[in-house]
Amino acid sequence: MRVIIEPNYDKLSKWAANYVASRIKAANPTAEKPFKLGCPTGSSPLGLYKELIQMCKAGDISFQNVITFNMDEYVNLPEEHPESYHSFMWTNFFSHIDIKKENVHILNGNAPDLVKECDDYEKAIEAAGGIDLFMGGVGPDGHLAFNEPGSSLGSKTRIKTLATDTIIANSRFFEGNLELVPKQALTVGIGTVMAAREVLILCNGHHKARALQHIIDGEISHKWTASMLQMHPKCIVVCDEAACDELTVATYKYYLDKERGNL
């Protein structure tokens with residue numbers, strides 16, 4: 001695992017965006033051999049998306065030959081709802097870059113057969129040749145996508161019932177009303193993320209400090225599902241200093257020294 005520690009959220013976002021752009025450009029994708037990018041929602045990637053949009057508008061990067069697969073979507077929330085992840089992605093990212101609409105894949109939480117929708121999503125990823133780089137955020141309780149504490153570490157795309165903490169956290173997007181927050185979601189599994197060739201995780205803020213400690217310093221546990229990333233052969237965690245508050249001094253210094261070339 002590679003850990004990048006940046007002073008603040010803005011620099012974290014810029015580092016992550018530059019890395020994503022470099023991987024896409026290095027792949028030199030074509031229509032016949034596109035780059036497959038996994039995309040998260042939530043507050044963590046907003047800065048990353050803003051930086052990528054600026055790069056695209058400046059002509060530094062193109063998404064013409066990029067295929068995206070989103071991590072998750074609420075169940076029974078209309079796609080046009082302002083808080084659906086369809087709306088989130090088009091509002092905050094896709095509408096501002098040169099990606100082709102047919103290359104965007106987001107789970108349909110209103111599908112008549114949700115089990116089939118999840119199975120088909122896994123097949124679509126497989127048919128595309130697998131995901132080259134899966135970006136993601138992490139929740140304060142260490143969840144990745146909607147893989148809540150207690151989820152199987154080998155799980156694939158499926159229906160998940162949301163934990164109370166997640167419902168409470170997401171209520172800020174629904175007028176603070178818990179009754180308006182969807183109680184289920186479709187989500188890629190931990191196994192789906194682990195199958196990607198690379199994983200890039202964003203973790204910012206003191207409220208994510210315990211999660212980061214479990215991801216980097218803790219034992220692998222289904223109680224902190226993102227801790228499974230310790231087993232990924234090419235995972236990068238990009239965090240800010242505030243998120244490092246629970247790391248040991250030795251761990252913090254080790255990763256800083258490593259990136260400075262002192263190790």
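Let us look at the structure shown here. (Residues numbered from 1 in each chain as written. Predicted model: local features only at pLDDT ≥ 70, side-chain atom pairs only at ≥ 80, totals over all residues. Heavy atoms only, no water.)

**Quick word on the sheet that holds strand E10 (residues 235–240)**
Within the open sheet, the seven strands sit side by side as E1-E10-E9-E6-E2-E3-E5. Their pairing is parallel. Looking at which strands have only one partner, the edges of the open sheet turn out to be strand E1 (2–6) and strand E5 (104–105). (Pairing = 2+ DSSP bridges. Helix = DSSP H or I, 4+ residues; strand = E, 2+ residues; numbered from the N terminus.)

**A look at the pairing of strand E2 (residues 35–39)**
The element E2 is largely enclosed, with a buried count of five among its five residues. Here E2 shows a buried face lined by Phe35, Leu37 and Cys39 and a second buried face lined by Lys36 and Gly38. Inspection of the sheet shows E2 paired to strand E6 (residues 133–137) by two bridges, in the parallel sense. Considered in E6, the bridge of Leu37 is made with Leu133. (Buried < 20%, exposed > 50% of the residue type's maximum accessible area, 1.4 Å probe, protein only.)

**Focus on the nonpolar core**
Ranked by internal contacts, the top residues of the largest apolar core, which has 43 residues, are Val20, Leu37, Leu52, Phe63 and Phe93. Of all the secondary structure elements, the ones that give two or more residues to this core are helix H1 (9–27), E2, helix H2 (46–57), helix H3 (85–92), E6, strand E9 (198–203) and E10. A total of seven residues in this core trace back to one element, the largest contributor, which is H1. The contacts of Val20, once residues within four sequence positions are left out, are Leu37, Leu48, Leu52, Leu133, Met135 and Leu200. Formed by 42 residues, the second largest nonpolar core is a distinct cluster that contains Val3, Met71, Ala226 and Leu256. (Core = buried A, V, L, I, M, F, W, Y, C linked by side-chain atoms within 4.5 Å. Contact = heavy atoms within 4.5 Å.)

**Notes on the packing of H2 against H3**
Between H2 and H3, the shortest axis-to-axis distance is 10 Å and the interhelical angle comes to 40°. Taken together, the axis directions place H2 and H3 in an arrangement best described as oblique. Contacts between H2 and H3 involve Leu46, Tyr49 and Ile53 from the former and Phe88, Met89 and Asn92 from the latter. A class-by-class count of the residues in the contact of H2 with H3 yields five nonpolar, one polar and no charged. (Axes fitted to C-alpha atoms, helices over the stretch in contact; angles between N-to-C directions. Parallel < 35°, antiparallel > 145°, perpendicular 65-115°, else oblique. Nonpolar A, V, L, I, M, F, W, Y, C, P; charged D, E, K, R; others polar.)

**A closer look at the environment of Ala226**
One can find Ala226 in the loop between helix H7 (209–216) and E10. Excluding its chain neighbours within four sequence positions, the residues that come into contact with Ala226 are Val138, Gly142, Leu144 and Ile215.

**Digging into the pattern of salt bridges**
For the structure shown, the criterion picks out six salt bridges. For the salt bridge of Lys14 with Glu51, the shortest nitrogen-to-oxygen distance reads 3.2 Å. Placement of the pair is Lys14 in helix H1 and Glu51 in helix H2, with a sequence separation of 37 residues. Between Glu198 and Arg23 there is a salt bridge, with its nearest N and O atoms 2.8 Å apart. Remark: Arg23 occurs in helix H1 and Glu198 occurs in strand E9; sequence separation between them is 175 residues. For Glu198, a relative accessible area of 6% gives the class buried. Judged by its relative accessible area of 27%, Arg23 falls in the partly exposed class. Through salt bridges with shared partners, one network takes in Lys36, Asp132 and Arg197. (Salt bridge = Lys/Arg side-chain N within 4 Å of Asp/Glu carboxyl O.)

**Thoughts on the sheet that holds strand E8 (residues 184–187)**
Taken in spatial order, the three strands of this open sheet run E4-E8-E7, and their pairing is antiparallel. Strands with a single pairing partner mark the edges of an open sheet, and in this sheet they are strand E4 (72–74) and strand E7 (158–161). The mean angle between the axes of side-by-side strands here comes to 30°, regardless of whether they run parallel or antiparallel.

**Overview of the side chain of His232**
Within the secondary structure, His232 is located in the loop between H7 and E10. Engagement of the side chain of His232 in a polar contact is seen with the backbone oxygen of Met194, the distance being 3.4 Å. Within the structure, His232 has its side chain in polar contact with the backbone oxygen of Ala196 (distance 2.7 Å). Residues within four places of His232 in sequence aside, it is in contact with Val193, Met194, Ala196, Arg197, Glu198 and Val199. (Polar contact = N/O pair within 3.5 Å; in protein donor to acceptor, adjacent residues only side chain to side chain.)

**Quick look at the state of the cysteines**
In this structure the tally under the stated criterion is zero disulfides. Cysteine Cys39 remains unbridged, with the sulfur of Cys56 as its closest cysteine sulfur at 13 Å. Since its relative accessible area comes to 0%, Cys39 is described here as buried. The closest cysteine sulfur to the non-disulfide-bonded Cys244 is located on Cys239, 3.8 Å from its own sulfur. For Cys244, a relative accessible area of 5% gives the class buried. (Disulfide = S-S within 2.5 Å.)

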